[in-house]
Amino acid sequence: MASSCCLDQLNLLSTDDFRVMNRIPRVMKVPGVISQFEEDQQTTSRKRVIIVSNQLPLRASRDPVSGEWRFEFDENNLLAQLKDAFPPDTEVRYVGTLKADVDVADQDEVAQVLHEKFSCETIFLPVDMQNKFYHGFCKHYLWPLFHYMMPTTGSDGVRFDRSQWQAYVSANKIFADKVLEVTDRDDEDEDHVWVHDYHLMALPTFLRRRSTRVKLGFFLHSPFPSSDIRILGLHSESKRGRTALEYYGRTVTIKILPAGIHMEQLESVMSEESTVRKAKELKEKYKGKILMVGVDDLDLFKGITQKFSAMAELLETNQRLRGKLVLVQITNPARSLGWDVQEVLDEANGIAKEVNKKYGEPGYEPIIFIKGPVTTQEKLAHYAVADYCVVTPVRDGMNLVPYKYTVCRQGCPALDKALGVDESSPPKNSVIIISEFIGCSPSLSGAIRVNPWNISEMANAMYSAIDLPETEKHLRHDKHYKYISSHDVSYWARSFDQDLERACRDHYHKRYWRIGLGLAFRLVALEPNFRKLLGHTLNSAYKRSNSRLILLDYDGTMMPPTSVNKGPSNEVISVLNRLCDDPKNIVFIVSGRDRDTLSQWFSSCEKLGIAAEHGYFTRYKCFNFVLI
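Cut-offs applied
- Residues numbered from 1 in each chain as written.
- Predicted model: local features only at pLDDT ≥ 70, side-chain atom pairs only at ≥ 80, totals over all residues.
- Heavy atoms only, no water.
- Salt bridge = Lys/Arg side-chain N within 4 Å of Asp/Glu carboxyl O.
- Buried < 20%, exposed > 50% of the residue type's maximum accessible area, 1.4 Å probe, protein only.
- Helix = DSSP H or I, 4+ residues; strand = E, 2+ residues; numbered from the N terminus.
- Phe/Tyr/Trp six-rings, centres within 6.5 Å; stacked < 30°, edge-to-face > 60°.
- Patch = residues over 30% accessible without salt bridge, like charges linked within 9 Å, V, L, I, M, F, W, Y side chains within 5 Å.
- Areas by Shrake-Rupley, 256 points an atom, 1.4 Å probe, with all protein chains shown as cover.
- Contact = heavy atoms within 4.5 Å.
- Polar contact = N/O pair within 3.5 Å; in protein donor to acceptor, adjacent residues only side chain to side chain.
- Axes fitted to C-alpha atoms, helices over the stretch in contact; angles between N-to-C directions.
- Parallel < 35°, antiparallel > 145°, perpendicular 65-115°, else oblique.
- Left-handed = near helix turned anticlockwise from the far one by under 90°.
- Nonpolar A, V, L, I, M, F, W, Y, C, P; charged D, E, K, R; others polar.
- Pairing = 2+ DSSP bridges.
- Right-handed = clockwise from strand over helix to strand, strands pointing away.

**Here we look at the pattern of salt bridges**
Here comes step 1: The full count for this structure, using the stated rule, is 31 salt bridges.
Here comes step 2: Salt-bridge contacts for glutamate 91 lead to arginine 93; the nearest nitrogen and oxygen are separated by 3.1 Å.
Here comes step 3: Looking at glutamate 91, the relative accessible area reads 17%, which means it is buried.
Here comes step 4: On the basis of relative accessibility, which here comes to 8%, the residue arginine 93 falls in the buried class.

Okay, here's the thing in structure tokens:
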């Protein structure tokens with residue numbers, strides 16, 4: 001007996017057709033065609049955005065005496081800021097793991113608290129799965145690949161650990177199950193699911209398998225290999241900065257959409273007493289100095305050692321800057337420990353020590369290397385007093401450090417008062433030296449762009465920045481501030497939401513057919529009036545016709561894609577000759593293969609037409625190829 005899954009495929013009918021039967025009009029307006037769904041449903045539901053990420057944007061701590069868990073949103077986390085970015089009538093829920101070790105006995109209670117008080121749905125992965133999923137597959141394989149670096153071979157000599165891949169897939173499946181729990185309601189069409197970053201790239205496949213109509217978007221925070229979308233073999237059309245891909249009958253939209261910062265929150269922290277006090281202290285400390293600042297995560301791709309080397313070259317070639325120029329480099333703690341992190345730290349320490357020894361003097365160090373954690377207030381204070389910001393990763397995603405620096409240089413009343421800025425002071429200014437290989441580079445048109453691999457170029461850029469006239473510094477700063485303040489986190493969320501609505505506009509007017517298993521699963525979208533071509537109908541039409549054109553694809557159609565021997569079998573040659581012998585038939589093989597190979601393979605099919613290289617060269621019967 002055939003399973004329901006097999007029957008669904010045979011009839012091109014998915015289970016979703018039955019789930020939405022109550023939405024189909026009782027009267028068909030055109031025979032055999034499903035009309036648009038009734039518009040008279042007056043029940044209005046609250047729009048809900050479900051933000052899915054590897055980790056919840058929360059801080060967790062436990063009282064050592066009472067053992068009570070305490071939670072709060074990490075307001076520095078970009079995803080936490082999204083809750084303020086949507087309209088007030090939008091419900092925002094989070095799905096992810098908790099960055100804390102919670103005993104199994106306490107997990108249900110913690111999950112309930114986070115559900116009720118923080119709108120968070122918590123996932124607790126087994127420890128072994130978590131390690132293989134995050135520290136293993138995500139950090140060892142995906143993270144290097146997205147940054148144009150091959151994963152390193154393990155200590156056992158094995159480059160690929162299949163158990164880590166299996167953990168990645170299993171974790172993504174658990175995430176998908178949790179999202180489906182959240183979207184399990186009658187009005188799931190109002191749910192927008194926003195999946196974040198490379199940790200959850202398999203989640204959309206699992207989610208689509210069981211929910212065809214939920215509005216599903218994915219945002220990659222890591223750099224995407226440039227131009228490689230072209231090798232996917234998908235038809236695309238670019239419209240107003242968006243690339244629309246036709247994928248199994250659905251429109252998938254790809255867009256470069258820079259994230260923004262939470263202006264109100266940043267300005268609030270800038271006005272705090274601790275920030276103001278620290279800024280005043282730093283201004284006094286570096287009085288008379290030329291101050292540059294850099295804030296980076298401690299990892300292989302942030303270009304910290306290159307930055308220090310450029311600083312050394314700048315001081316070597318410009319004696320007048322010795323004793324005046326200071327680079328304060330703040331590093332955030334590494335997100336994942338490993339030999340590469342320690343290697344970067346050791347090399348950076350070595351260069352900083354050498355530079356300070358060679359060019360330093362009592363009371364002066366050219367490089368101040370501050371290893372985190374450093375409070376947000378202290379970072380903002382450094383931004384506020386620094387003349388220049390140097391952000392030079394060799395490969396990075398968005399990176400919002402230049403945005404925060406620019407806003408802090410613009411200041412606020414409390415900071416201005418502490419730093420002695422008044423109406424008679426010169427206009428606000430800032431200068432950014434930025435790597436051309438990070439996501440925010442195109443949006444900062446007034447920044448000085450550099451190739452961080454070219455140390456001399458970076459040193460020259462630093463010197464050029466110092467030499468800029470004050471009016472030029474102000475113009476660059478003003479241009480950046482206007483862009484950053486208007487393209488904040490709310491703009492980012494609103495733009496993504498609008499693009500998602502646009503991409504999903506025709507969801508409810510199509511029928512869906514599931515094909516494939518596992519990660520090879522695909523959802524085929526069909527027009528409502530699509531009908532399966534039945535065998536007996538095709539046979540009848542074939543027999544009645546007196547002139548037939550038969551176009552046959554080769555690889556993947558006439559020959560299985562997994563076939564080792566790519567040449568046609570004797571059976572294929574026999575079938576083709578039988579088709580060609582019928583005077584009513586004109587038969588063509590259409591292939592991307594070259595003409596010489598196809599001519600050799602089908603030399604025994606004298607009446608067969610061949611369109612080689614996707615039709616670039618064409619011949620009919622035994623005539624020579626012609627260029628189309």
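Alright, that's what it looks like, and here's the rest.
**Describing unusual backbone geometry**
Here comes step 1: For aspartate 197, which is not a glycine, the phi torsion comes out positive at approximately 75°.
Here comes step 2: Mapping aspartate 197 onto the fold places it in the loop between strand E6 (191–196) and helix H7 (203–210).
Here comes step 3: Even without glycine at this site, histidine 614 takes up a positive phi of about 60°.
Here comes step 4: In this fold, histidine 614 is placed in the loop between strand E21 (609–612) and strand E22 (617–619).

**Concerning the packing of aromatic side chains**
Here comes step 1: Within this structure, the stated rule accounts for 25 aromatic pairs.
Here comes step 2: Residues phenylalanine 308 and phenylalanine 369 carry aromatic rings whose centres are separated by 5.3 Å and whose planes lie at 90° to one another, so their mutual orientation is edge-to-face. Placement of the pair is phenylalanine 308 in helix H10 (residues 304–317) and phenylalanine 369 in strand E13 (residues 367–371), with a sequence separation of 61 residues. One exposure class covers both phenylalanine 308 and phenylalanine 369, and it is buried.
Here comes step 3: For the pair tyrosine 383 and tyrosine 405, a centre-to-centre distance of 6.4 Å together with 75° between the ring planes defines the contact as edge-to-face.

**Comments concerning a nonpolar patch on the surface**
Here comes step 1: Side chains of Leu549, Leu551, Ile586 and Val590 sit close together on the surface and give an oily, nonpolar patch of about 350 Å² of accessible area.
Here comes step 2: For the nonpolar patch, the secondary structure elements donating two or more residues are strand E19 (548–553) and strand E20 (585–590).
Here comes step 3: Along the chain, leucine 549 turns up in strand E19.
Here comes step 4: With relative accessibility at 57%, the residue leucine 549 sits in the exposed group.

**Observations concerning the environment of leucine 180**
Here comes step 1: With respect to the helices, strands and loops of the structure, leucine 180 is situated in helix H6 (residues 162–183).
Here comes step 2: Residue classification places leucine 180 among the buried positions, given a relative accessible area of 13%.
Here comes step 3: Between the C-alpha atoms of leucine 180 and valine 214, which are 34 residues apart in sequence, the distance is 9.9 Å.
Here comes step 4: Not counting the four nearest positions on each side in its chain, leucine 180 is found in contact with Leu207, Arg210 and Ser211.

**Examining the environment of aspartate 297**
Here comes step 1: Along the chain, the position of aspartate 297 falls in strand E11 (residues 290–297).
Here comes step 2: Residue class for aspartate 297 comes out buried when judged on its relative accessible area of 16%.
Here comes step 3: Between the C-alpha atom of aspartate 297 and that of asparagine 332, which follows or precedes it by 35 residues, the distance is 4.6 Å.
Here comes step 4: Among the polar contacts made by the side chain of aspartate 297, one reaches the side chain of asparagine 332 at a distance of 2.9 Å.

**Quick notes on the packing of helix H13 (residues 401–410) against helix H16 (residues 470–486)**
Here comes step 1: Running from amino to carboxyl end, H13 crosses H16 at an angle of 110°, the nearest separation of the two axes being 10 Å. It follows that H13 is roughly perpendicular to H16 by the angle criterion. Considering how the two elements wind past one another, H13 and H16 form a crossing that is left-handed. Contacts from Pro402, Tyr403, Thr406, Val407, Arg409 and Gln410 in H13 reach His477, His480, Tyr481, Tyr483 and Ile484 in H16.
Here comes step 2: Here the contact of H13 with H16 is built from residues that sort into six nonpolar, four polar and one charged.

**Digging into the pairing of E11**
As a general feature of sheets, a regular strand has side chains that alternate between the two faces.
Here comes step 1: Here E11 lies mainly inside the structure; eight of its eight residues are buried.
Here comes step 2: In E11, alternate side chains face the same way, and those of Ile290, Met292, Gly294 and Asp296 on one face and Leu291, Val293, Val295 and Asp297 on the other are all buried.
Here comes step 3: Alignment of E11 against strand E12 (residues 325–332), held across eight bridges, turns out to be parallel. Residue pairing across strands places methionine 292 opposite leucine 327, the latter belonging to E12.
Here comes step 4: In this view, the connection linking E11 to its parallel neighbour E12 by way of H10 has right-handed handedness.
Here comes step 5: Sheet topology places E11 next to strand E14 (residues 388–391); two bridges connect them, and they run parallel. If you follow methionine 292 over to E14, its bridge partner there is tyrosine 388.

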